[in-house]
Amino acid sequence: MIGGELEGEDIVIQSIASLRSATAGDLSFVANAKLAAAASDTSASALIVGHFDVPFNGPIVRVQNPYLGYAKATHLFVAPPSALGIHKAAVISEHATLGQDVSVAANAVIDAHATIGNGAIIGAGAVVGEGVVIGEDTRIDANTVIHKDVAIGNRVRIGSCAVIGGEGFGFAPTGDGWQRICQLGSVIIEDDCDIGPGCTIDRGALDNTHLKQGVILDDQVHIAHNVVIGERTAMAGYCGVAGSTEIGADCTIAGMVGMVGHIKIADKVHITGGTIVTKSITESGSYSSGTPMSDSSTWRKNAARFSGLDKWVRQVKKQLDGLPKT
């Protein structure tokens, strides 16, 4: 299951737990050699470890990457959904197409011409709009709304109360108000994406908003219209991406990062928490902005000085320009 080798006797494992909270019958893990000493105090019955020594007398499963091994092992302990099949309170259009072994919970709605793939699960109160395509083994949790014509791939997970394919924030100024721009594109979510609860992914204005294979979004992430996110990119909670921005593959975006619209982010870019991205990033690497926390009195003084920084730099430069060259 996790690609490891057992060292020690076979035993029965009933659950999985952290080193600190584990009791008899539990499996735990040691993520790296620096944490190995903590294994001496655990009450776990077995451990997943890497290629390093641990002070533990029970059986171990040795793997190349203990954290990845733990991640795979968690799948053995997930309880299957309690209610499978089509609930009598589900509302399903006679013009919808459902594959084999599809589950639709109470009060879910599936509109006309929607297509649901084999083994998909639609949670209670979820709405699947007209013409939506949902792939095989995809799970849509309770009270999620999938708007018209959205296309979702295989093995996708979408958390509760997410809104996929709602109208993007498109308005044209009129001089005395705003003219709404109809959003005529859609949303494409490729295979193996994971969308956290409460995320909003807007449909495109003309082209599609597009999440490529393996993208993962934490809770409360907002993706505006026409955004494209490359393969396997991960975004933490409360991030916001403005319209028509393109994010490369294998990026990691920490919490509360904001991105302006119409910029491009290269592959393998790592952006630290709270950063405001105001221009394109053309090379891979780590990027940050903002000021570190300090006590309020010091912060206020520094903030006041920041407003005069440009003036001071110009004065210093002028003085330096007047000095004789050496």
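Read on for an overview of the structure.

Calculation rules
- Residues numbered from 1 in each chain as written.
- Predicted model: local features only at pLDDT ≥ 70, side-chain atom pairs only at ≥ 80, totals over all residues.
- Heavy atoms only, no water.
- Salt bridge = Lys/Arg side-chain N within 4 Å of Asp/Glu carboxyl O.
- Helix = DSSP H or I, 4+ residues; strand = E, 2+ residues; numbered from the N terminus.
- Buried < 20%, exposed > 50% of the residue type's maximum accessible area, 1.4 Å probe, protein only.
- Arc of directions from axis to C-beta.
- Contact = heavy atoms within 4.5 Å.
- Polar contact = N/O pair within 3.5 Å; in protein donor to acceptor, adjacent residues only side chain to side chain.
- Phe/Tyr/Trp six-rings, centres within 6.5 Å; stacked < 30°, edge-to-face > 60°.
- Pairing = 2+ DSSP bridges.
- Axes fitted to C-alpha atoms, helices over the stretch in contact; angles between N-to-C directions.
- Core = buried A, V, L, I, M, F, W, Y, C linked by side-chain atoms within 4.5 Å.
- Patch = residues over 30% accessible without salt bridge, like charges linked within 9 Å, V, L, I, M, F, W, Y side chains within 5 Å.
- Areas by Shrake-Rupley, 256 points an atom, 1.4 Å probe, with all protein chains shown as cover.

### Side note on the pattern of salt bridges
Applying the stated criterion to the full structure yields nine salt bridges. Among the salt bridges present, the one from Arg155 reaches Asp192, with a minimum N-O distance of 2.7 Å. Pair noted here: Arg155 is in the loop between β16 (151-152) and β17 (157-158) and Asp192 is in the loop between β21 (187-189) and β22 (194-195), with a separation of 37 residues, a long-range link. For Arg155, a relative accessible area of 43% puts it in the partly exposed group. Given the relative accessible area of 30%, Asp192 is considered partly exposed. In this structure, Glu167 engages Arg180 in a salt bridge whose closest nitrogen and oxygen atoms are separated by 3.0 Å. You can see Glu167 sitting in the loop between β18 (163-166) and β19 (171-173) and its partner Arg180 sitting in strand β20 (residues 178-180), a full 13 residues away along the chain. In this structure Arg180 comes out as partly exposed when scored by relative accessible area, which is 43%. Ionic contacts of the salt-bridge type, sharing partners, join the residues Arg155, Asp191 and Asp192 into one network.

### Details of helix α1 (residues 66-74)
Residues three or four positions apart in an α-helix share a direction because the helix packs 3.6 residues into each turn. For α1, the full list of buried residues reads Pro66, Gly69 and Ala73. Along the axis of α1, the buried positions cluster into a sector of 55°, meaning they face one direction only. Where the residues of α1 are buried, they touch β2 (15-16), β3 (26-29) and β4 (46-49). Taking the backbone nitrogen of Tyr67 as reference, a side-chain oxygen 3.2 Å away marks Asn65 as the first, capping residue of α1.

### A few points about the packing of aromatic side chains
Applying the stated rule across the entire model yields four aromatic pairs. Judged by centre distance (5.7 Å) and plane angle (45°), the ring pair of Tyr67 and Tyr70 falls under tilted. In this pair, Tyr67 and Tyr70 are both assigned in helix α1, three residues apart and thus about one turn of the helix distant. Given the relative accessible area of 25%, Tyr70 is considered partly exposed. Ring geometry for Phe169 against Phe171: centres 5.4 Å apart, planes inclined by 65°, an arrangement best described as edge-to-face.

### A look at the pairing of β3
Taking every second residue as pointing to the same face, both faces of β3 are buried, with Asp26 and Ser28 on one and Leu27 and Phe29 on the other. Both β2 and β3 contribute to a ladder of two bridges, which runs parallel. Its bridge partner being in β3, Ser15 is matched across the sheet by Asp26. Looking at chain direction, β3 and β4 are connected through three bridges and run parallel.

### Quick look at the sheet that holds β2
Sheets are built from strands paired through backbone hydrogen bonds, the pairs being either parallel or antiparallel. The strand order across the open sheet formed by five strands is β1-β5-β4-β3-β2, and the pairing between neighbours is mixed. What marks the edges here is a single partner per strand, and that holds for β1 (5-7) and β2. Pairing geometry for β1 and strand β5 (residues 60-62), over three bridges, is antiparallel. By the bridge assignment for β5, Glu5 is matched with Arg62. α1 contacts β2, β3 and β4 of the sheet and is inclined by roughly 130° relative to β4.

### What to know about the nonpolar core
Core analysis: the biggest nonpolar cluster contains 50 residues, and Ile122, Ile164, Leu217 and Met259 have the highest contact counts within it. Mapped onto this core, the elements with two or more residues apiece are β21 and β34 (269-271). If we skip the residues at most four places from it in the chain, Ile164 touches Val145, Ile146, His147, Val150, Ile158, Val187, Ile189, Ile195 and Ile201. Within the second largest apolar cluster, 13 residues are counted, among which are Ala17, Ala22, Ala36 and Ala44.

### Focus on a nonpolar patch on the surface
Side chains of Phe306, Leu309, Trp312 and Val313 sit close together on the surface and give an oily, nonpolar patch of about 440 Å² of accessible area. The residue Leu309 is located in helix α3 (residues 309-321) in this model.

### Here we look at the environment of Ala24
Residue placement: Ala24 occurs in the loop between β2 and β3. With near-sequence residues (within four places) excluded, Ala24 lies in contact with Ser43 and Ser45.

### Focus: the side chain of Arg62
Residue position: Arg62 is located in strand β5. Residue Arg62 is classed as buried on the basis of its relative accessible area, which comes to 17%. Separated by 2.6 Å, the side chain of Arg62 and the backbone oxygen of Gly50 make a polar contact. At 3.0 Å, the side chain of Arg62 and the backbone oxygen of Phe52 are in polar contact. Excluding residues within four positions of it along the chain, Arg62 makes contact with Gly4, Glu5, Glu7, Val49, Gly50, His51 and Phe52.

Taken by themselves, the reported measurements are silent on function.
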